[in-house]
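Structure at a glance
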Amino acid sequence: MSLLIAGVLIWSLTHMSIRLVPNIRAALIARVGHFPYQGIFSLPILISLYCMVVGWKTMGPGEPLYVLSGARQISMVLMALAACLFVASKAPTDIRQYLRHPQLTSVMLWAMAHLLANSDPRSLILFGGLWLWAMTEIFLINRAVGDWKKPAPFGALGTGVSTAIGLVLFAGLVFAHPWLSGVALF
């Protein structure tokens, strides 16, 4: 359990350090350069991923704490939305006309989908912890950046293509889920 918790904490604190200690980040970039800084920043992220994967596998599922009727179907819809938002966050779409943080929102939807379907202690730690990180990250970014200035619209074509790619990504994740997590969805 401690390895899983450590992974979530390392992931969260490393990402939040950009907003929590910007002076240290700026000094490090000035000292080593932007590209080497990215490598330095990536190291704890990779360590956190290792801790989360190994912590997940070694902890075991444990007993479910709750069972929700219809959770599987709701989870699938949330995951499709999460995949579409994740793709849209990096594509020229109109999604930023409605959502300031589509990528972090997609992480929150991903986590919520998994929390609906999985109520064991390790799921609560991993998915609950990453949901809390994404929500906190949104707050920190909004506080640091200030008022939301919506970008210019891109049009329906870019949004439609992005949505189609997101749905293909979702289908791929459903298909690959047994190999990624050891859990078949169908």
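The coordinates are above.
We now turn to the structure provided with this report. (Residues numbered from 1 in each chain as written. Predicted model: local features only at pLDDT ≥ 70, side-chain atom pairs only at ≥ 80, totals over all residues. Heavy atoms only, no water.)

1. Examining the overall build of the protein chain
Across its full length, the protein chain carries 7 helices and 0 strands. For the protein chain, the succession of helices and strands along the chain, N to C, is α-α-α-α-α-α-α. In terms of overall dimensions, the protein chain has C-alpha extents of about 50 × 45 × 25 Å along its principal axes. A total of 186 residues make up the protein chain; the buried ones form 37% of that total. Considering only residue pairs separated by 6 or more positions, the protein chain has 79% of its internal contacts joining residues 24 or more positions apart. Summing over all exposed atoms, the protein chain offers an accessible surface of approximately 11200 Å²; the carbon and sulfur share of this is 73%. Side-chain charges in the protein chain split into 12 positive and 5 negative, and the spacing between the mean points of these groups amounts to 10 Å. (Helix = DSSP H or I, 4+ residues; strand = E, 2+ residues; numbered from the N terminus. Buried < 20%, exposed > 50% of the residue type's maximum accessible area, 1.4 Å probe, protein only. Contact = heavy atoms within 4.5 Å. Areas by Shrake-Rupley, 256 points an atom, 1.4 Å probe, with all protein chains shown as cover. Lys, Arg positive; Asp, Glu negative; His and termini not counted. Charge placed at Lys NZ, Arg CZ, Asp CG, Glu CD.)

2. Quick look at helix H6 (residues 121-145)
In this model, H6 (25 residues) spans 35 Å end to end at C-alpha, consistent with the 36 Å of a helix rising 1.5 Å per residue. Looking one or two residues past H6, Gly146 carries a phi angle of roughly 90 degrees, positive in sign. (Expected span 1.5 Å × (residues − 1).)

3. Considerations on the environment of Leu81
Mapped onto the fold, Leu81 is located in helix H4 (residues 71-88). Sequence separation of Leu81 and Gly166 is 85 residues, and the distance between their C-alpha atoms is 8.1 Å.

4. Things to note about helix H7 (residues 156-181)
The terminal C-alpha atoms of H7, which comprises 26 residues, lie 35 Å apart, in line with the 38 Å expected from a rise of 1.5 Å per residue. Its maximal kink placed at Phe175, H7 deviates by approximately 50 degrees, while the proline Pro178 follows within four residues. Here H7 has its buried residues at Ser162, Gly166, Phe170, Val174 and His177. Looking at the buried residues of H7, the elements they touch are H4 and helix H5 (102-117). Gly182, located one to two residues past H7, shows a positive phi value of around 85 degrees. (Bend = angle between axes of the 7 residues up to and from the residue.)

5. Topic: the nonpolar core
Membership of the largest hydrophobic core comes to 24 residues, with the highest contact counts inside it found for Met52, Leu126 and Trp133. At the level of elements, helix H1 (2-20), helix H3 (34-59), H5 and H6 are the ones that each hand at least two residues to this core. The element best represented in this core is H6, accounting for 9 residues. Look past the residues within four positions of Met52 in its chain and what remains in contact with it is Leu4, Gly7, Val8, Trp11, Leu126 and Leu130. Counting residues in hydrophobic clusters, the runner-up holds 15 residues, among them Ala113, Leu116, Phe170 and Val174. (Core = buried A, V, L, I, M, F, W, Y, C linked by side-chain atoms within 4.5 Å.)

6. Observations concerning the packing of H4 against H7
The contact between H4 and H7 brings their axes to 8 Å, and the two run at 130 degrees. As far as their axial angle goes, H7 and H4 are oblique. Note on packing geometry: the crossing formed by H4 with H7 is right-handed. Two secondary-structure elements touch here, H4 through Met76, Met79, Ala80, Ala83, Cys84, Val87 and Ala88 and H7 through Ser162, Thr163, Ile165, Gly166, Leu167, Leu169, Phe170 and Val174. Per-class residue counts for the contact of H4 with H7 are 12 nonpolar, 3 polar and no charged. (Axes fitted to C-alpha atoms, helices over the stretch in contact; angles between N-to-C directions. Parallel < 35°, antiparallel > 145°, perpendicular 65-115°, else oblique. Left-handed = near helix turned anticlockwise from the far one by under 90°. Nonpolar A, V, L, I, M, F, W, Y, C, P; charged D, E, K, R; others polar.)

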